[in-house]
Amino acid sequence: MAPVLVLWLAVCLTGTWAVDRGNFKTCDQSAFCKRQRALKPGESPYRALLETMELTNTRLTLQLINDNNKVRLLLELYRLQGNITRVKINELKPLKPRYEVPDVLIREPPTEPLSILSQDENGVVLSLGAESQRVIISARPFRLDIMEGSDVLMSLNSRGLLAFEHLRMRKDTFSYKVTSTVASVWDNIKRTTKEEEEKVEDGMWEETFKSHSDGKPNGPSAISLDFSLPGVEHVYGIPEHADPLRLKTTDNGDPYRLYNLDVFQYELFNPMALYGAVPVMLAHNAQRTTGIFWFNAAETWVDISSNTTVFGKMLDYVQGSSETPQTDVRWISESGIIDVFLMLGPTAKDVFSQYASLTGTQSFPPLASIAYHQCRWNYNDQEDVKSVDAGFDEHDIPYDFIWLDIEHTDGKRYFTWDPHKFANPKEMLQGLQDKKRKLVAIVDPHIKIDSNYKIHNEIRSRGFYVKNKDGGDYEGWCWPGSAGYPDFTRADMRAWWASMFAYDQYEGAMENMYTWNDMNEPSVFNGPEVTMHKDAMHGAWEHRDLHNIYGFYVQMATAEGLTQRSGGVERPFVLTRAFFAGSQRYGAVWTGDNAAEWDHLKISIPMCLSLGLVGISFCGADVGGFFKTPSTELLVRWYQTGAYQPFFRAHAHLDTPRREPWLFGPENTALIREAIRQRYTLLPYWYQQFYNAHQTGEPIMRPLWVEYPQDPATFALDDEYLIGRDLLVHPVTEEGSRGVTAYLPGKDEVWFDVHTFQKHSGAQNLYIPVTMSSIPVFQRGGSIIPRKLRVRRSSTCMEHDPYTLFVALSPQRSAVGELYIDDGHTFNYQKKEFIHRRTLMSSELFLNIKSLLLLFHSDLAPDAQFTTNSWIERIVFLGASKPSKVTLKTADGQESQLEFDFDAAVSVLTLRKPGMNAGADWTVTLQ
């Protein structure tokens, strides 16, 4: 085994668990970041050549010129449907094509016409249609402002930090002859000034980091652009970082970095890059939410600064001047073009919809995958899996998935099984299937180089591996030792990879087996920054151009494989560690290799909140922490937190003691069991939230400010959150805590403790005493939440069980909720095979009128068809008065009196055994 792999394994398998920051670049060590960051504001060399402007039905084009070197750029401006503006900037005559990201957008965004309102020698004003929105392009220096009425929503290049390093021939290789390839751009090159020709900085043509050399045959190609957001003090997004929800200013440190990396036990509260990169930022104030989608897959750095600015008169559209807070953001990428979508809201939900129209929504997962998952590196063999499975039954703890890490394979050869430890995988899978449980097996994208390994031989023979700069197959070190890396940017490679999941190809696989893609940044143990060399080649493109979408493509191909194996019938479940914009379409993500520390528990909340804001709702963290050994208190608190996050999986490093839920004494087993059971009772609500996310792009786990956008007290909160609109969760994340203070938003709201049913007013900081059994969760008044209270061994076992509706009353509004039911695992919902009903309770009772109606409507999807055996077992009203009688009226006109109990101490009314089918129409009248 090569020394580098031995060293890596030694680190991974010992207690020396801390990130070596020296393995990862700072901005000063990244030549293009250092170059761009050295530029001074207010010295923009770019000027708009208004005489070159052309306007068609779909776009405006305009040339920009750099007055220092006379290189021209082409600006394209699009008004897109849904209140989005797209700005593209590329070289007018590039030496060779520059990379533009494919496959991420779900379609070519539909455009709407632009029109010119006015024009003079200083600039041009264009209409964006409704709401008095305009784009103002100023000529000298170039600047672009988006306005609504007299308000500036966003400015581009207002600080003069636009930079576009044009492609050029290297000075010492370009002199003696001009080929036909470059002849067409010779007129552009020869205008380069003598001063610029002589200005060659370190790192422009080659760069060294530690022992790694990065040859740059294309030379400097970085791009950057600044954005000013007047009136904004809070910005969010650009995951993945182990940092608070509200992004911090970067004036006194490194910018936030977006570069998918395998960071070994990452540090908290810093802007270092992690496993995934979504270049989307949201800006919010009490009046508006906007978003910026920087559509670039190369290494990217994001600078953020805050200040107070005086905005003065601008082309006669802004009268007077005023002082306002402002956030300035600067994006810097190593290569590609400037392609940015400006999502103009005006609400947060509008921004979610706008972004979803570009990159798609969260995939709709199988219901079982939003239940509980049990994992570790590694369950030893089939008997171990059988024993753990039996342990859950013995201790009456539900679970749906058990996971196998890399040790289940034959020598780290993916798509295989260890012939001794997992000699009969179908027998193991059938045993799980008999209990309506499932399994996930890992398939990583590094392929062991072994002439006796079918997968390797096929990839090599088809020429599907990524190439090195010299044209040979790129090789690096990972878990199997020497490994090749399939080129997932190729559609034919992805199609072949997908075919390998077919049941006749993946020996031992069954329909209850799903997939986990790890190490897909890609991780290369002996590579620069533990990843692939930037000068590796994907066809005509360098890896530097597309690094951040490699993991996106791996998950895409895997999800397609799981779908195809069933003939397109079954929904896939694929977990990925690396991700990019659009990854939400293919499955779930998790926050990577965290540690059994209280701060790692706390940071899981803002990390998942940030992902949800940029479309990736199916997020969770390793319960208990991957590295190190949690105390029993930490482990219990982590289960209580994870039970209220979208992806709920316990996971642990192979060098940690076993930590199945029953190994910590009866008292802690009972606490963990209760947390998991709470997850299962709420699965109908979780499933409805996933359906809503799939339909709308709205996050499932969301910051309070999304629902209370005018309440500044919510803008920086990230230790509590909402699930959908109606459940507020404040997990206990402090060691030894005897109480937490939760902010309950909404001055007209009431909130009900879901455990005690105690009612609390909104717009207050509520101190909540806690014990080890406490999970502070509140239901919003005016909501109706479905639960299934008969918890069984797995979610599939609960399929036909009855529902209980929890109706939280509010004096301010009618109570409303939804119930969504389908088969839980196929794509038949796309054929309208589902039930989607709105439950509505009128507010007449609160107007001192005798009766209150609970109506169960089918108007959310009147053309849908599905039948269910589930029924309504009880209805629980929180904050109710005692009625004299309760009458049920079914759709056929039959009426009957219902039994009820009333607890005056907590004002809870319970209707028992109404017995209506969950898909039927009915009315309940309280008198």
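Residues numbered from 1 in each chain as written. Predicted model: local features only at pLDDT ≥ 70, side-chain atom pairs only at ≥ 80, totals over all residues. Heavy atoms only, no water.

1. Focus on the overall build of the chain
Line of reasoning, step 1. Looking only at helices and strands, the chain features 17 helices and 54 strands.
Line of reasoning, step 2. If you line up the chain on its principal axes, its C-alpha atoms span 95 × 75 × 50 Å.
Line of reasoning, step 3. Here the chain holds 927 residues, and the buried ones make up 63% of them.
Line of reasoning, step 4. For the chain, contacts bridging at least 24 residues in sequence account for 72% of all contacts bridging at least 6.
Line of reasoning, step 5. Between the mean site of the 94 positive side-chain charges and the mean site of the 116 negative ones, the chain shows a separation of 1 Å. (Helix = DSSP H or I, 4+ residues; strand = E, 2+ residues; numbered from the N terminus. Buried < 20%, exposed > 50% of the residue type's maximum accessible area, 1.4 Å probe, protein only. Contact = heavy atoms within 4.5 Å. Lys, Arg positive; Asp, Glu negative; His and termini not counted. Charge placed at Lys NZ, Arg CZ, Asp CG, Glu CD.)

2. Side note on helix α10 (residues 491–499)
For an α-helix, the turn length of 3.6 residues means that residues three or four places apart are oriented alike.
Line of reasoning, step 1. Considered for burial, the residues of α10 that qualify are Met-493, Arg-494, Trp-496, Trp-497 and Ala-498.
Line of reasoning, step 2. Tucked inside the fold, the buried residues of α10 contact β25 (447–448), α9 (454–461) and α12 (550–564).

3. What about the sheet that holds strand β27 (residues 481–484)?
Either a parallel or an antiparallel arrangement is found when strands of a sheet pair, and the pairing is made through backbone hydrogen bonds.
Line of reasoning, step 1. Here we have three strands laid out as an open sheet, ordered β25-β27-β26, and antiparallel in their pairing. Pairing within the sheet leaves two strands with one partner each, and these edge strands are β25 and β26 (475–478).
Line of reasoning, step 2. Both β25 and β27 contribute to a ladder of two bridges, which runs antiparallel. Within the sheet, the bridge partner assigned to Ile-447 lies in β27 and is Gly-484. (Pairing = 2+ DSSP bridges.)

4. Overview of the packing of aromatic side chains
Line of reasoning, step 1. Applying the stated criterion across every chain yields a total of 52 aromatic pairs.
Line of reasoning, step 2. Seen from their ring centres, Phe-364 and Tyr-687 are 4.9 Å apart, and the 25° between their planes marks the pair as stacked. Of this pair, Phe-364 sits in the loop between α6 (348–359) and β22 (372–374) while Tyr-687 sits in helix α16 (residues 683–696), and the two are 323 residues apart along the sequence.
Line of reasoning, step 3. Here Tyr-687 falls in the buried class, since its relative accessible area comes to 2%.
Line of reasoning, step 4. On the basis of an interplanar angle of 65° and a centroid distance of 6.2 Å, the ring pair of Trp-497 and Phe-501 is categorised as edge-to-face. Here Trp-497 and Phe-501 have matching classes, each one buried.
Line of reasoning, step 5. Grouped by ring-pair contacts, the aromatic residues Phe-401, Trp-403, Tyr-514, Trp-516, Phe-573, Trp-590, Phe-618, Phe-647 and Phe-690 constitute a single cluster. (Phe/Tyr/Trp six-rings, centres within 6.5 Å; stacked < 30°, edge-to-face > 60°.)

5. Topic: the state of the cysteines
By definition, a disulfide links two cysteine residues through a covalent bond between their sulfur atoms.
Line of reasoning, step 1. In total, this model carries two disulfides according to the counting rule given.
Line of reasoning, step 2. Note that Cys-27 is cross-linked by a disulfide to Cys-33, the S-S spacing being 2.0 Å. Sign of the S-S torsion, about -100° for the bond between Cys-27 and Cys-33, identifies this disulfide as left-handed. Both residues of the pair, Cys-27 and Cys-33, belong to the buried class.
Line of reasoning, step 3. Shown here is the disulfide that connects Cys-608 with Cys-619, its sulfur atoms set 2.1 Å apart. One disulfide, between Cys-608 and Cys-619, carries an S-S torsion of -75° and so falls in the left-handed class. Of the two residues, Cys-608 is situated in helix α13 (residues 598–613) and Cys-619 in strand β33 (residues 619–620); the sequence distance between them amounts to eleven residues. The exposure classification of Cys-608 matches that of Cys-619, with both residues buried.
Line of reasoning, step 4. The disulfide pattern of the chain is 1-2, 3-4 when the bonded cysteines are numbered in sequence order. (Disulfide = S-S within 2.5 Å.)

6. Section: the nonpolar core
Line of reasoning, step 1. Grouped together as the largest cluster of nonpolar side chains are 179 residues, with contacts concentrated most on Phe-293, Trp-497, Ile-549 and Tyr-639.
Line of reasoning, step 2. Considering each element in turn, this core owes the most residues, nine residues, to α13.
Line of reasoning, step 3. Setting aside residues no more than four positions away along its own chain, Tyr-639 makes contact with Tyr-372, Gln-374, Val-623, Phe-648, Ala-650, Pro-661, Ile-672, Ala-675 and Ile-676.
Line of reasoning, step 4. One finds Leu-229, Val-232, Val-235 and Trp-294 within the second-largest nonpolar core, a separate group that totals 50 residues. (Core = buried A, V, L, I, M, F, W, Y, C linked by side-chain atoms within 4.5 Å.)

7. Considerations on the pairing of strand β47 (residues 835–841)
Line of reasoning, step 1. Most of β47 is tucked away: five of the seven residues are buried.
Line of reasoning, step 2. Across seven bridges, strand β46 (residues 815–821) lies against β47 in antiparallel orientation. Its bridge partner being in β47, Ile-821 is matched across the sheet by Ile-835.

8. Digging into the sheet that holds strand β34 (residues 622–623)
Line of reasoning, step 1. The strand order across the open sheet built from nine strands is β33-β32-β31-β28-β24-β23-β22-β35-β34, with neighbouring strands paired in parallel fashion. This sheet does not close on itself; its edge strands, each paired only once, are β33 and β34.

9. Here's the deal with empty space enclosed by the protein
Line of reasoning, step 1. Counting across every chain of the model gives seven cavities of 30 Å³ or more.
Line of reasoning, step 2. Approximately 180 Å³ is the volume found for the largest cavity.
Line of reasoning, step 3. Surrounding the largest cavity, 20 residues form its lining, Trp-377, Trp-479, Asp-518, Asp-593 and Phe-626 being those nearest its centre.
Line of reasoning, step 4. Looking at side-chain class alone, the lining of the largest cavity contains twelve nonpolar, two polar and six charged residues.
Line of reasoning, step 5. Its boundaries defined by the atoms lining it, the second largest cavity holds a volume of some 140 Å³.
Line of reasoning, step 6. Taken together, 14 residues make up the lining of the second largest cavity; nearest its centre are Lys-25, His-212, Asp-214, Pro-528 and Lys-534.
Line of reasoning, step 7. For the lining of the second largest cavity, the secondary structure elements donating two or more residues are β12 (206–209) and β13 (212–215). (1 Å grid on protein atoms, 1.4 Å probe; cavity = no way out; pocket = protein on both sides within 12 Å on 5 of 7 lines; lining within 4 Å. Points joined across faces, edges and corners; volume = space filled by probe spheres on them. Nonpolar A, V, L, I, M, F, W, Y, C, P; charged D, E, K, R; others polar.)

10. Looking at the pattern of salt bridges
Line of reasoning, step 1. Applying the stated criterion across every chain, the model contains 63 salt bridges.
Line of reasoning, step 2. Between Asp-303 and Arg-37 there is a salt bridge, with its nearest N and O atoms 2.7 Å apart. With Asp-303 in strand β19 (residues 300–311) and Arg-37 in helix α2 (residues 31–37), this pair connects stretches of sequence that are 266 residues apart.
Line of reasoning, step 3. Given a relative accessible area of 27%, Arg-37 falls into the partly exposed group.
Line of reasoning, step 4. The residue Arg-143 makes a salt bridge to Asp-145 at a minimum N-O spacing of 2.8 Å.
Line of reasoning, step 5. Look at Arg-143 and you get partly exposed, because its relative accessible area is 22%.
Line of reasoning, step 6. Here the salt bridges do not stand alone but share partners, grouping Asp-214, Arg-257, Glu-299, Glu-334, Glu-529, Lys-534, Glu-542 and Arg-544 into one network. (Salt bridge = Lys/Arg side-chain N within 4 Å of Asp/Glu carboxyl O.)

11. So, the UniProt feature "domain: Glycosyl hydrolase family 31 C-terminal" (unreviewed entry) in the chain
Line of reasoning, step 1. In the numbering used here, UniProt assigns the "domain: Glycosyl hydrolase family 31 C-terminal" (unreviewed entry) feature to residues 697–785.
Line of reasoning, step 2. Strand forms 38% of residues 697–785 and helix 4%; the C-alpha atoms that close the span are 21 Å apart. (UniProt positions renumbered as here; feature names shortened; annotations may be inferred.)

12. A word on α6
Line of reasoning, step 1. Taking 1.5 Å per residue as the helical rise, α6 with its twelve residues ought to reach 16 Å, and the 17 Å between its terminal C-alpha atoms agrees with that figure.
Line of reasoning, step 2. Among all positions of α6, only Ala-348, Val-351, Phe-352, Gln-354, Tyr-355, Ala-356, Leu-358 and Thr-359 are buried.
Line of reasoning, step 3. Gly-360, located one to two residues past α6, shows a positive phi value of around 95°. (Expected span 1.5 Å × (residues − 1).)

13. Some remarks on the side chain of Ser-604
Line of reasoning, step 1. Checked against the element boundaries, Ser-604 lands in helix α13.
Line of reasoning, step 2. A polar contact of 3.3 Å, which involves the side chain of Ser-604, links it to the side chain of Gln-645.
Line of reasoning, step 3. When near neighbours in sequence (up to four residues on either side) are disregarded, Ser-604 contacts Ala-621 and Gln-645. (Polar contact = N/O pair within 3.5 Å; in protein donor to acceptor, adjacent residues only side chain to side chain.)

14. Quick notes on unusual backbone geometry
Line of reasoning, step 1. Put simply, Trp-377 and Asn-378 share a cis peptide bond, and its omega is 10°.
Line of reasoning, step 2. Although it is not a glycine, Asn-83 sits at a positive phi angle of roughly 70°.
Line of reasoning, step 3. As for its placement among the helices and strands, Asn-83 is situated in the loop between β3 (72–80) and β4 (84–91).
Line of reasoning, step 4. The backbone of Ile-238 shows a phi angle near 40°, a positive value even though the residue is not glycine.
Line of reasoning, step 5. Tracing the sequence through the fold places Ile-238 in the loop between β15 (234–237) and β16 (256–258).

15. Structural notes on the side chain of Arg-168
Line of reasoning, step 1. Mapped onto the secondary structure, Arg-168 falls in the loop between β11 (163–164) and α3 (180–183).
Line of reasoning, step 2. In terms of polar contacts, Arg-168 uses its side chain to reach the backbone carbonyl oxygen of His-166, at 3.1 Å.

16. Some words on the domain arrangement of the chain
Line of reasoning, step 1. Assigned domains within the chain: domain 1 (28–165 + 218–359), domain 2 (371–444 + 491–527 + 541–708) and domain 3 (802–926).
Line of reasoning, step 2. Placing a centre on the C-alpha atoms of domain 1 and another on those of domain 2 gives a separation of 35 Å.
Line of reasoning, step 3. In this assembly, 52 residues from domain 1 lie in contact with 54 residues from domain 2.
Line of reasoning, step 4. Carbon and sulfur atoms supply 63% of the area that domain 1 and domain 2 bury against each other, a total of about 4,400 Å² over both sides.
Line of reasoning, step 5. Inspection of the domain 1/domain 2 interface yields four salt bridges.
Line of reasoning, step 6. Across the pair Asp-262 and Arg-577 runs a salt bridge whose closest N-O atoms are separated by 3.3 Å.
Line of reasoning, step 7. For the pair domain 1 and domain 2, the interface holds 20 residue pairs in polar contact (both at pLDDT 80 or more). (Domains from an automatic or database assignment. Buried area = accessible area lost by both parts, 1.4 Å probe.)

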